[in-house]
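Take a look at the letters that make up each chain.
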Amino acid sequence: MNNSLPEGLAAKFAEAKVRLHEKERKSKQHIERANLRDEVQFKATHGLLVVFFLWIIALHAIGLFLFTRGFLLTRLVLEQQSQCEISSIGGVVNSMTDLTLRRKHGCWHPKTFDKAVIVVIDALRFDFTVPYEARDNASEPHYFHNAFTVLSEVAASEPNNAILFPFIADPPTTTLQRLKGLTTGTLPTFIDAGSNFAGSEIDEDNLIAQLRRQGKRIAFLGDDTWVALFGKHFEQNLTHPYDSLNVWDLHTVDNGVNEHIFPLLEQKESKKWDVLIGHYLGVDHAGHRYGPDHPAMSNKLKQMDGVVRNLIEAIDSKTLLIVMGDHGMDPKGDHGGESQGEIEAALWMYSKKGIFGKYPGRAASVANPRPVAQIDIVPTLALLLGVPIPYNNLGAPIAEAFVGPDSDNWENLVQVNRITGAQIRRYQQAYAVARKEEVDGDSIASTYWIRGESKYNTLLAGGVPHADAEHWSSIFHDFSAFQEENLRVCRNLWARFDLVSMSAGCLVLAGSIAILAVYARGISGGRVEITGLFLQCIGIGMSVGALTAYVTGFVVSTKLSRTNTALLGTALGSMAGFACALVYIKWRLLPLWPTSVWGALAALFTVSHALLFASNSFTIWEDIVLNFFLATFGIGALVHSQRQSDLTARALGAYHSLVFLILVRVASLSKLCREEQMPYCVSTFYASATTSVSAPYSLSLLLLMAIALPSVIKSFYKGTKSYEGPASFWIGFSFRIGLVLNAVYWIMDAADNGEWLSIDERLLKATKMFVSQLILAMGFVVGQVGFAWAQVCLGIELSSKQGKKAPLEQNPTSKKISSDSGGSVVLLGYSNLHGTRFLLLVITWALPLILLQKPLGGISMGILLWQILNVLEIIDCNELNDSAIGPVVLGLLGNAHFFSTGHQATLPSIQWETAFIPFTTIVYPWSPLLIILNSVGPQILTALSVPLIALWKKQPKQCGMLSCVMVCIATFILYHTVVATSAAACAGWLRRHLMLHKIFSPRFMLGGVVLLVVDIVVSLVSLGALRWNFMAVAEVFGYQY
Ligand SMILES: [Zn+2]
Ligand SMILES: [Zn+2]
């Protein structure tokens, strides 16, 4: 056919075709270029928003840092060391031979023993070692009773050879802190409690260093914390440390100690050392894993009983044997706090020499023993072994060890107390000099000392011709009173706070509250376009502030250190910059007080929650109060939804409000009571009050959750026909498989704990580890990468004209996009495009967060996910996307589930064992991170969900959506900032309160951790993930934000 056309026509035709093609290509290029421009613009805008929130994080970090510096004040550490040649009561040795002689016979006082075997049984509570006595007919012995009987048996049958005391620890009752106390003889500082994970070498004078300096050879076996603290003082070839942190391993450390300790006691080997230290960990680990009332504890204690019996056999009469606990444990087997069970350990001293007597003026009995402070072991051991008393020691010599078997060696008793007291005085003077303070000569303590000294001197000078017991005893009591009074004074002194630093911290935190309040609630219109202006002004203010502070730091000397002044200046300067920026947009400023009922309710919840911390009795009942707030919200939502004109909205609102209310009630059933809530509270989180093992029924609940939870989430997608695209694979398949694996993990764990299965323990452990690592990888690696690449949950439905009506007409959730000659194409899930995709992120995080909770905690997290979806629907039905109530309720939900996942604002309730879910040992930085994910998992899950308040059920082509998300995020952070600031300010205000370290300090620390974690998650993860969400939506519909 073509052949028949004329030549010219064919050419023209081809030309036209090329032109058309060119035009098409150009327009395509144009669109592509426009798209690229939009993308770059979006990314830049998004980046600025992230920077703005990074600034908020920096403000919070600076505020919390400054406050903490002033609040958890550390004691000044003196570097002086006691020396053999300079006794505390005078008498300097000049010649070398004298010194050698002194070392041989005892430095400041004649020694009693050449050698010592010191056995620490970690967490040996006093009541483990004494015979059980029934209080009434109904009470029965626990598993920990009558298992470790040797100590009390020998103390009763050979009172001159052995003596058993309740051994009172200073809180915090963590091993590292206790080892420091047991060797330096001084008081702990609160801030050190957190550093239990990585102990660093002690730079204060201590018993181990003194022993080493006087030429004693020290062998060490057991808990490797000792090696971190004193490693260089131990004989290298006689040291066998074992990893101390795997609290689920009951036997490795103990078997290791046993393997070496008995050979070392044999005649030939025992010449190689002078002091042998062994630290057993099995009792502590049995407590952490099972709680004290468990057969495993009974077995462990019986094993220790055998060990001590063998030790008694093995030692000679020149050797002192000491068995002690470093702290006790609470009824669940944990420790760290200051309850009676935690601070009351056992101390047992034994020698074949028969040196022990009775405390003067006290009818001694095994049934009513005298409690001894833990630091008292320091001067006691130093004097018994003939080494100088460590410089910083505040303890007293234990009288029973010096008064002689007939309890009449008064002179010796007075001597040791005088030597100890003189050292305490010497330390006190050096401390006053170091702090540039006056020595208080008229203090009560000084009065006791001076009185004792004058009596002593009179007696020595022969002023009392026939010195009798009465005279001696009065001197002894003066010296004792001096030591006790001095200890009391030091306790108060070191609880002193740096008010300047604390106020600076509070100031920065309060400033950040004002900024967030203005940014979140005080500006009309969008946030996106003004963020650039804010950042500019903040930058300028920050530079000016930092510079000013730096210069001021040189000119005037403030009470703050130079670094802290610079930090404060930077923070204040940047905040001033923000305030200046407001001048440029002043016509857009709104009043900050709430203008709607919901806004008022949100403000009321936030302020009331913050005010709880002003009272200890409200703080301890925080869990109940939070549930009350949530129930109030549920009822309010129920009432409000009934005023909607639309019938569907009314029905949905009522349904979701009711489900929300029921779930609040169900979640509140799981709880772990804190000590102060007793007896008005029943713990349900663990199988019983005396164990930390989960109840078997919680395992079946986990299986049930694996089946039900994905279906629940699916039903929320079905409502907008969004169960399309990646949704079914992510929710119906991956999430479900993950939850089943989670149930499998915890069932294996229970089997391992209860020894249900007869399969090899190692195989079971390896499988467990594999399953948990698989779940974590699913959530944190595959899930996150998958989220970045995931498409939107969008489906397409074709319908013909002849058929029934297109879904569009019945249901506003879909969008009809084209209609030609009789058929139409309908987009399913269009109306919730952003929300359904973003929820996938929350779900991927939920999986590992559920695994990292105990079984019942996992259930609580599942309920939380359901409640978050309820809240989103309630917000949508009642059109509350712009109100502050959504983010505040999410914040409350996160905090409420903190309690239902078995946590409390106390140190002992931290679930350390979480670190061993995916690993067998401590792995940095993952182990601390896992413990944080476990502790504040609920807050993290709600922080991830915050953008959904703005995105849920919103069509993608809507202006100002990103701004809306910013408002939600800022409101959410505002809530947490108010709570954390109040917790800090109240702890600072009530710093003299009796319950400071029991109630207010832990709550402040919780508030600080939650604030920082929430800040980071919401600003980096939630806000960061929005980038991919908007890009995925833009792929289909173009950029609109
Ligand atoms: Zn311990
Ligand atoms: Zn422990």
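This structure is a prediction, so every number in the text was calculated from the model and none was measured.

Participant: Teacher, can you tell me more about the nonpolar core here?
Facilitator: The nonpolar side chains of soluble globular proteins are, as a tendency, buried together. Membership of the largest hydrophobic core comes to 167 residues, with the highest contact counts inside it found for Phe 52, Phe 53, Phe 534, Phe 578, Ile 713 and Ile 885. Ranked by residues supplied to this core, first place goes to helix α31 (residues 961-989) with 15 residues. Every residue in contact with Phe 578, bar those within four places of it in the chain, is listed here: Phe 52, Trp 55, Ile 515, Val 518, Tyr 519, Phe 534 and Ile 538.

Participant: Looking at this structure, I do not really get the environment of Asn 564. What am I missing?
Facilitator: Structurally, Asn 564 is set in helix α17 (residues 562-584). According to the relative accessible area criterion, Asn 564 is buried, its value standing at 8%. For the pair formed by Asn 564 and Ala 549, sequence separation is 15 residues and the distance between their alpha carbons is 9.4 Å. Excluding its chain neighbours within four sequence positions, the residues that come into contact with Asn 564 are Phe 65, Leu 66 and Arg 69.

Participant: I keep staring at the pairing of strand β1 (residues 115-121) and nothing clicks. Help me out?
Facilitator: Looking down a regular strand, the side chains alternate between one sheet face and the other. Among the seven residues of β1, seven are classified as buried, and the element is accordingly described as predominantly covered. The alternating pattern of β1 places Lys 115, Val 117, Val 119 and Ile 121 on one face and Ala 116, Ile 118 and Val 120 on the opposite face, and all of these are buried. Across six bridges, β1 lies against strand β6 (residues 319-324) in parallel orientation. For Ala 116, the partnering residue across the bridge sits in β6 and is Leu 320. Both β1 and strand β5 (residues 275-280) contribute to a ladder of six bridges, which runs parallel. Across the sheet, the residue bridging to Ile 118 is Ile 277, located in β5.

Participant: Would you explain the sheet that holds strand β4 (residues 234-242) in this entry?
Facilitator: In any sheet, the strands associate via hydrogen bonds between backbone groups, in a parallel or an antiparallel arrangement. Sheet architecture is open: eight strands sit in the order β4-β3-β5-β1-β6-β7-β2-β8, paired in mixed fashion. Because the sheet does not close on itself, it has two edges, and the strands there are β4 and β8 (372-373). Pairing of strand β2 (residues 162-168) with β8 involves two bridges; the strand directions are parallel. If you follow Ile 168 over to β8, its bridge partner there is Ala 373.

Participant: Whenever I open this one, unusual backbone geometry confuses me. Can you help?
Facilitator: Keep in mind that most residues, glycine aside, have a negative phi and that most peptide bonds are trans. For the bond from Met 678 to Pro 679, the omega torsion is 0°, close enough to zero to count as cis. Counting through the fold element by element, Pro 679 comes out in the loop between α21 (647-668) and α22 (696-718). Residue Pro 925 is reached from Tyr 924 by a cis peptide bond, and omega for that bond is 0°. Here Pro 925 lies in the loop between α28 (885-900) and α29 (926-935). Phi is positive for Asn 146, close to 55°, though the residue is something other than glycine. Along the chain, Asn 146 falls in the loop between β1 and α3 (150-157).

Participant: Got a minute to help me understand the domain arrangement of the protein in this structure?
Facilitator: The accessible area lost on association of the parts is a frequent measure of interface size. Domain boundaries in the protein define domain 1 (96-134 + 147-193 + 204-408) and domain 2 (594-800 + 808-1037). Between the C-alpha centres of domain 1 and domain 2 the distance comes to 47 Å. Contacts between the two partners involve 24 residues from domain 1, matched on the other side by 24 residues from domain 2. When domain 1 packs against domain 2, the two sides together hide about 2100 Å² of surface, and 59% of this comes from carbon and sulfur. On inspection of domain 1 and its partner domain 2, the count reaches one salt bridge. Linking Arg 289 and Asp 752 is a salt bridge whose minimum nitrogen-to-oxygen distance equals 3.8 Å. At the boundary of domain 1 with domain 2, the tally comes to two residue pairs in polar contact (both at pLDDT 80 or more). No other element matches helix α8 (residues 282-290), which puts four residues into the side of domain 1 that touches domain 2.

Participant: Help me understand the pattern of salt bridges in this model?
Facilitator: Charged atoms that come close allow side chains of opposite charge to pair. For the structure on display, the rule yields 31 salt bridges. Measuring nitrogen to oxygen at the nearest pair gives 2.8 Å for the salt bridge that ties Glu 622 to Arg 1003. One end of the pair, Glu 622, is in helix α20 (residues 622-641); the other, Arg 1003, is in helix α32 (residues 996-1037), and 381 residues separate them in sequence. In this structure, Glu 622 and Arg 1003 share a single accessibility class: buried. Arg 674 is paired through a salt bridge with Glu 676; the nearest N and O atoms lie 2.9 Å apart. Here Arg 674 falls in the buried class, since its relative accessible area comes to 4%.

Participant: Help me understand a nonpolar patch on the surface in this model?
Facilitator: Taken together, the side chains of Leu 703, Ile 747, Trp 756, Leu 757, Ile 759 and Leu 763 define a hydrophobic patch exposed on the protein surface, amounting to about 570 Å² of accessible area. Looking at where Ile 747 falls in the secondary structure, it is placed in helix α23 (residues 727-754).

Participant: Explain the side chain of Ser 152 to me, please; I cannot follow it from the model alone.
Facilitator: Summarising the element assignment, Ser 152 is placed in helix α3. Under the relative-accessibility criterion, Ser 152 is labelled buried at 6%. A polar atom in the side chain of Ser 152 sits 3.3 Å from the backbone oxygen of Thr 129. The residues touching Ser 152, leaving out its near neighbours within four places in the chain, are Thr 129, Val 130, Pro 131 and Leu 164.

Participant: Looking at this model, I keep getting lost on the coordination of the zinc ion (ligand 2). Mind explaining?
Facilitator: Ideal values differ by geometry: the angle at a metal is 109.5 degrees with four tetrahedral donors, but 90 or 180 degrees with six octahedral donors. Protein-derived ligands of the zinc ion (ligand 2) are Asp 284 (OD), Asp 284 (OD), His 288 (NE2) and His 335 (NE2), with the metal-ligand distances lying across 2.0 to 2.5 Å. Read from N- to C-terminus, the donor residues coordinating the zinc ion (ligand 2) fall into the pattern D-x3-H-x46-H. Separation of the zinc ion (ligand 2) from the zinc ion (ligand 1) amounts to 4.7 Å. Of this pair, Asp 284 and His 288 are both found in helix α8, four residues apart, which corresponds to roughly one turn of the helix. Residue Asp 284 shares its accessibility class with His 288, and that shared class is buried.

Participant: It is not clear to me how the state of the cysteines should be interpreted in this structure. Could you clarify?
Facilitator: Disulfides are covalent bonds that connect the sulfur atoms of two cysteines. Under the definition given, this model contains two disulfides. Shown here is the disulfide that connects Cys 84 with Cys 107, its sulfur atoms set 1.9 Å apart. Here the disulfide of Cys 84 and Cys 107 is left-handed, its torsion about the S-S bond being about -105°. Note that Cys 84 is positioned in the loop between α1 (7-71) and α2 (96-105) and Cys 107 in the loop between α2 and β1, a separation of 23 residues in sequence. For the pair Cys 84 and Cys 107, a shared accessibility class is recorded, and that class is buried. Of note for the protein: the bonded cysteines, numbered N- to C-terminal, pair according to 1-2, 3-4.

Participant: In this structure, what is going on with the coordination of the zinc ion (ligand 1)? I would like to understand it.
Facilitator: Looking at the zinc ion (ligand 1), the protein donor atoms are Asp 122 (OD), Asp 122 (OD), Thr 175 (OG1), Asp 326 (OD) and His 327 (NE2), and they sit 2.0 to 2.6 Å from it. We note that the donor set of the zinc ion (ligand 1) lies within a single chain, spaced as D-x52-T-x150-D-H.

Participant: When you look at the side chain of His 60 in this model, what are you seeing that I'm missing?
Facilitator: Mapped onto the elements of the fold, His 60 is located in helix α1. In contact with His 60, not counting residues within four places along its chain, are Leu 509, Ser 512, Leu 516, Ile 973, Thr 977, Leu 1011, Leu 1012 and Asp 1015.

Participant: Just checking my understanding: could you explain the packing of aromatic side chains for this structure?
Facilitator: Within a pair of aromatic rings, the relevant descriptors are the distance that separates the centres and the angle that separates the planes. On inspection of all chains with the given rule, the structure shows 35 aromatic pairs. Seen from their ring centres, Phe 128 and Phe 144 are 5.2 Å apart, and the 40° between their planes marks the pair as tilted. Of this pair, Phe 128 sits in the loop between β1 and α3 while Phe 144 sits in the loop between β1 and α3, and the two are 16 residues apart along the sequence. Relative accessible area serves as the criterion here: at 6%, Phe 144 is assigned to the buried category. For the pair Phe 780 and Trp 845, a centre-to-centre distance of 5.1 Å together with 75° between the ring planes defines the contact as edge-to-face. Taken as a pair, Phe 780 in helix α24 (residues 761-789) and Trp 845 in helix α26 (residues 833-851) lie far apart in primary sequence, 65 residues in all. Taken together, Phe 52, Phe 53, Trp 55, Tyr 519, Phe 534 and Phe 578 form an aromatic cluster joined through their ring pairs. Directly above the ring of Phe 787 sits Arg 837, whose terminal nitrogen or CZ lies 4.5 Å from the centroid.

Participant: Help me understand the packing of helix α13 (residues 444-460) against helix α14 (residues 469-493) in this model?
Facilitator: A pair of packed helices is characterised by two quantities: the angle between their axes and the separation of those axes. Interhelical geometry of α13 versus α14 gives an angle of 155° and a closest axis separation of 8 Å. In terms of orientation, α13 and α14 fall into the roughly antiparallel class. Once α13 is placed against α14, the crossing between them reads as left-handed. When α13 is examined against α14, the residues Ile 444, Ala 445, Tyr 448, Trp 449, Arg 451, Gly 452, Glu 453, Lys 455, Tyr 456 and Leu 459 are found in contact with a partner set consisting of His 471, Trp 472, Ser 474, Ile 475, Asp 478, Phe 479, Ala 481, Phe 482, Glu 485 and Asn 486. When its residues are assigned to classes, the contact of α13 with α14 shows eleven nonpolar, four polar and five charged.

Participant: So what exactly am I meant to see when it comes to helix α16 (residues 531-555) here?
Facilitator: Because an α-helix packs 3.6 residues into every turn, residues spaced three or four apart end up facing the same way. In a regular helix each residue adds 1.5 Å, so 25 residues correspond to 36 Å; α16 covers 36 Å between its end C-alpha atoms and thus fits that length. Of the residues making up α16, those classed as buried are Thr 531, Phe 534, Leu 535, Cys 537, Ile 538, Gly 541, Gly 545, Ala 549 and Gly 553.

So, how was this worked out
- Residues numbered from 1 in each chain as written.
- Chains lettered and ligands numbered in written order.
- Predicted model: local features only at pLDDT ≥ 70, side-chain atom pairs only at ≥ 80, totals over all residues.
- Heavy atoms only, no water.
- Core = buried A, V, L, I, M, F, W, Y, C linked by side-chain atoms within 4.5 Å.
- Buried < 20%, exposed > 50% of the residue type's maximum accessible area, 1.4 Å probe, protein only.
- Helix = DSSP H or I, 4+ residues; strand = E, 2+ residues; numbered from the N terminus.
- Contact = heavy atoms within 4.5 Å.
- Pairing = 2+ DSSP bridges.
- Domains from an automatic or database assignment.
- Buried area = accessible area lost by both parts, 1.4 Å probe.
- Salt bridge = Lys/Arg side-chain N within 4 Å of Asp/Glu carboxyl O.
- Polar contact = N/O pair within 3.5 Å; in protein donor to acceptor, adjacent residues only side chain to side chain.
- Patch = residues over 30% accessible without salt bridge, like charges linked within 9 Å, V, L, I, M, F, W, Y side chains within 5 Å.
- Areas by Shrake-Rupley, 256 points an atom, 1.4 Å probe, with all protein chains shown as cover.
- Donors = N, O, S within 2.8 Å, 3.2 Å for Na, K, Ca; no water.
- Disulfide = S-S within 2.5 Å.
- Phe/Tyr/Trp six-rings, centres within 6.5 Å; stacked < 30°, edge-to-face > 60°.
- Lys NZ or Arg CZ within 6 Å of the ring centre and 35° of its normal.
- Axes fitted to C-alpha atoms, helices over the stretch in contact; angles between N-to-C directions.
- Parallel < 35°, antiparallel > 145°, perpendicular 65-115°, else oblique.
- Left-handed = near helix turned anticlockwise from the far one by under 90°.
- Nonpolar A, V, L, I, M, F, W, Y, C, P; charged D, E, K, R; others polar.
- Expected span 1.5 Å × (residues − 1).

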